[in-house]
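# Observations on the model geometry
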Amino acid sequence: MLSNNVTDNNNTSKVFESTEYIRNRFSVVMSNMYKKEVPLYDELLELVNDINNDVLSKNNNIKERLEKTGEITRLNMERHGAIRLGKPYELFTMRRLFKVMGMFPVGYYDLATAGVPVHSTAFRAIENATLNQAPFRVFTSLLRLDLIDDEQLRDKIDTILENRQIFSEKTLELIDKSEKNGGLNKEDAELFVQEALKTFQWHDTATVDYETYEELLNQHRLIADVVAFKGPHINHLTPRTLDIDQVQASMEARNIPPKDNIEGPPARKCPILLRQTSFQALTENVTFKNDSGSKKTGKHKARFGEIEQRGAALTQKGQDLYHELLNKTRKAIGGSPTAENAEEYNQLLAENFKVFPDSYNELYNQELAYFHYFTTPKIERLAKDKIYNFTDVSKLLEDGYLSIEPMIYEDFLPVSAAGIFASNLGTDDAKREYKETSNHTLFEKDLGQPVYDLIKWYENIQAETIIKCLAEINA
Ligand code: OOG
Ligand code: NI
């Protein structure tokens with residue numbers, strides 16, 4: 001169904017697989033790999049699936065909304081993963097690799113302010129229809145060596161990273177081929193998926209000796225995770241749930257130890273943005289080798305499980321209000337919540353968010369969220385002699401010729417990301433502060449292109465749905 005009958009530049013009769021097909025295929029093989037690597041992930045998928053089915057069977061309005069926006073078909077396929085890269089070449093090439101699957105960098109996230117020496121983007125599809133067909137995203141971070149003040153260690157890291165190649169020869173060849181021809185045929189697409197997957201797999205042998213590992217770890221646990229291994233192992237793969245509170249409450253019964261609090265906004269009738277929780281990183285055995293050939297076994301914590309619930313995408317005004325209320329709550333309890341004050345934090349968060357309107361009508365009226373527009377059967381009754389345009393939209397909506405459904409937030413939240421990072425790091429790491437912050441320009445230079453602007457993306461998609469409605473009305 002997702003195959004695309006495209007011919008290549010030379011107009012030969014080769015048939016390319018669609019990028020959606022390749023992306024879905026990649027998401028499936030990655031999920032199968034992660035199930036084997038982290039068995040708790042499989043358990044979590046089962047839990048999320050049960051809860052989603054339960055929510056859908058009990059709430060017809062949620063089901064209808066998801067059917068209308070086209071999200072119902074993607075719900076159980078939806079995943080995001082995360083990787084951490086070491087050097088600019090890796091980010092540059094990762095962009096090219098993801099493009100083969102129709103994934104593009106959206107947004108810039110600065111995590112240095114939250115004590116994590118990386119900056120990031122998320123690779124994902126950028127057309128609404130293809131997002132529904134293949135909803136796979138990868139949060140991708142690049143280590144910021146410029147934030148490491150120990151010059152000697154910085155040089156050492158530089159040398160280690162200089163000597164590593166995280167992509168197989170075959171992957172690089174197929175990226176070239178896809179760029180040159182404008183796509184990959186069935187056989188090449190499958191080969192690409194299998195080869196590219198290798199970059200994301202876990203290696204239980206470190207590339208450095210134990211002393212170096214400890215030195216990296218002492219600088220920051222995350223630096224050890226990026227630098228001491230052969231490649232950027234996927235560190236979590238997150239399914240989407242329709243009720244994260246129910247997942248959080250059911251995790252312990254299944255022996256999946258949850259994080260102390262859910263990141264993001266509080267529970268609401270109309271969910272906004274993104275709420276996330278996770279289970280603690282596994283402690284895994286790693287073999288370290290030294291020059292004399294002797295081996296030492298140590299432990300490494302990096303890979304964890306995460307679950308998310310997605311809600312309405314917010315306008316700049318909505319995001320500003322979200323951050324204001326979140327910061328107010330964090331400030332009142334003295335920063336990130338801990339196991340001891342998680343309950344107090346949740347109560348205060350719910351209290352503070354009472355001023356954030358909790359009906360889709362109000363979110364629309366106050367221009368706090370983005371919406372998909374739909375025509376209603378009533379448009380048959382509209383006068384045929386008038387041409388309708390953007391200025392008529394609110395009146396058409398008011399009079400019932402149009403209806404709206406919230407647009408789902410497709411991206412990430414830096415404060416939540418930092419909270420997830422922190423729950424998997426020692427407290428000392430979580431409290432670190434880096435003086436210098438955002439380096440958006442350098443990130444885009446290393447990436448090799450600008451990232452898509454988040455707000456502009458939602459505005460454009462919203463406008464697209466309005467244009468489609470107007471075309472129907474004016475037809
Ligand atoms: C990335 C964490 C960010 C999210 O859901 O916010 C993320 C990482 O730990 O590498 O995946
Ligand atoms: Ni995540």
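From a predicted model like this one, the values you see are computed outputs, not experimental measurements. (Residues numbered from 1 in each chain as written. Chains lettered and ligands numbered in written order. Predicted model: local features only at pLDDT ≥ 70, side-chain atom pairs only at ≥ 80, totals over all residues. Heavy atoms only, no water.)

### Focus: the overall build of the protein
For the protein, the helix and strand inventory stands at 19 helices and 11 strands. The globule rule puts the C-alpha radius of gyration for 475 residues at 23 Å, and the 23 Å found for the protein is close to it. Once the C-alpha set of the protein is aligned to its principal axes, its extents read approximately 85 × 65 × 40 Å. If you sum the accessible surface of the protein, you get close to 21500 Å²; carbon and sulfur atoms cover 47% of it. Here the protein contributes 58 positive and 73 negative side-chain charges, whose respective centroids are spaced 2 Å apart. (Helix = DSSP H or I, 4+ residues; strand = E, 2+ residues; numbered from the N terminus. Rg over C-alpha atoms; globule rule 2.2 N^0.38 Å. Areas by Shrake-Rupley, 256 points an atom, 1.4 Å probe, with all protein chains shown as cover. Lys, Arg positive; Asp, Glu negative; His and termini not counted. Charge placed at Lys NZ, Arg CZ, Asp CG, Glu CD.)

### Let's talk about the domain arrangement of the protein
Here the protein is described as being made up of domain 1 (13–311 + 414–452) and domain 2 (314–366). A separation of 26 Å is found between the C-alpha centroids of domain 1 and domain 2. Counting from both sides, the interface comprises 13 residues of domain 1 and, opposite them, 18 residues of domain 2. When domain 1 packs against domain 2, close to 1500 Å² is buried across both sides, 64% of that on carbon and sulfur atoms. The interface formed by domain 1 and domain 2 holds 1 salt bridge in total. Applying the counting rule to domain 1 against domain 2 returns 6 residue pairs in polar contact (both at pLDDT 80 or more). (Domains from an automatic or database assignment. Contact = heavy atoms within 4.5 Å. Buried area = accessible area lost by both parts, 1.4 Å probe. Salt bridge = Lys/Arg side-chain N within 4 Å of Asp/Glu carboxyl O. Polar contact = N/O pair within 3.5 Å; in protein donor to acceptor, adjacent residues only side chain to side chain.)

### Points about the coordination of the nickel ion (ligand 2)
Surrounding the nickel ion (ligand 2) are the protein donor atoms His80 (NE2), His236 (NE2) and Glu306 (OE), at 2.1 Å. Spacing between the donor residues of the nickel ion (ligand 2) along their common chain follows H-x155-H-x69-E. With His80 in strand 1 (residues 79–85) and Glu306 in strand 9 (residues 305–310), this pair connects stretches of sequence that are 226 residues apart. The class of Glu306 is buried, set by a relative accessible area of 2%. (Donors = N, O, S within 2.8 Å, 3.2 Å for Na, K, Ca; no water. Buried < 20%, exposed > 50% of the residue type's maximum accessible area, 1.4 Å probe, protein only.)

### So, the site of ligand 1
Looking at ligand 1, the residues that line it are His80, Ala82, Arg84, Phe139, Asn235, His236, Gln276, Glu306, Phe412, Ala417 and Phe421. His80 is positioned with one of its side-chain polar atoms (N or O) 3.0 Å from an oxygen atom of ligand 1. One nitrogen or oxygen atom from the side chain of His236 is found 2.9 Å from an oxygen atom belonging to ligand 1. When each cavity is represented as a set of grid points, ligand 1 is found to reside in the largest cavity. (Near = heavy atom within 4 Å. 1 Å grid on protein atoms, 1.4 Å probe; cavity = no way out; pocket = protein on both sides within 12 Å on 5 of 7 lines; lining within 4 Å. Sits in = over half its atoms within 2 Å of the grid points.)

### Quick word on the packing of aromatic side chains
Applying the stated criterion across every chain yields a total of 21 aromatic pairs. Taking 6.2 Å as the distance between ring centres and 45° as the angle between the ring planes, the aromatic pair formed by Phe98 and Phe200 counts as tilted. Separated by 102 residues along the polypeptide, Phe98 in helix 4 (residues 88–100) and Phe200 in the loop between helix 8 (186–199) and helix 9 (210–219) bring together distant segments of the chain. The burial state of Phe98 is the same as that of Phe200; both residues are buried. Between Tyr409 and Tyr458 the ring centres are 5.9 Å apart and the planes differ by 20°, which places this aromatic pair in the stacked class. With Tyr409 in the loop between strand 11 (402–406) and helix 16 (414–423) and Tyr458 in helix 19 (residues 454–474), this residue pair connects regions lying 49 residues apart in the sequence. (Phe/Tyr/Trp six-rings, centres within 6.5 Å; stacked < 30°, edge-to-face > 60°.)

### Here's the deal with unusual backbone geometry
In this model, Leu273 sits at a positive phi of 50°, which is unusual for a non-glycine residue. When you line up the elements, Leu273 lands in the loop between helix 11 (244–251) and strand 6 (274–279). One non-glycine residue with positive phi stands out, namely Glu367, at about 55°. Structurally, Glu367 is set in the loop between helix 14 (360–365) and strand 10 (371–375).

### Let's talk about the sheet that holds strand 1
Read from one edge to the other, the open sheet built from 5 strands follows the order 2-3-4-1-5, with strand pairing classed as mixed. Sheet topology places strand 2 (104–110) and strand 5 (237–239) at the edges, where each strand pairs with a single neighbour. Taking each pair of neighbouring strands and ignoring which way they run, the sheet shows an average axis angle of 20°. Along the sheet face, helix 4 touches strand 1, strand 2, strand 3 (118–124) and strand 4 (136–143) and points at about 170° away from the line of strand 4. (Pairing = 2+ DSSP bridges. Axes fitted to C-alpha atoms, helices over the stretch in contact; angles between N-to-C directions.)

### Some thoughts on the side chain of Ser178
Looking at where Ser178 falls in the secondary structure, it is placed in helix 7 (residues 169–181). Looking at Ser178, the relative accessible area reads 10%, which means it is buried. Residue contacts for Ser178: discarding those within four places in its chain leaves Val100, Gly183 and Leu184.

### Regarding the layout of surface pockets
Approximately 550 Å³ is the volume attributed to the second largest pocket. The wall of the second largest pocket is formed by 30 residues, among which Ile62, Leu242, Lys269, Pro271 and Gln309 lie closest to the centre. At the level of elements, helix 2 (39–58), helix 3 (60–69), helix 11 and strand 9 are the ones that each hand at least two residues to the lining of the second largest pocket. In terms of residues, the lining of the second largest pocket owes the most to one element, helix 3, which gives 5 residues. (Points joined across faces, edges and corners; volume = space filled by probe spheres on them.)

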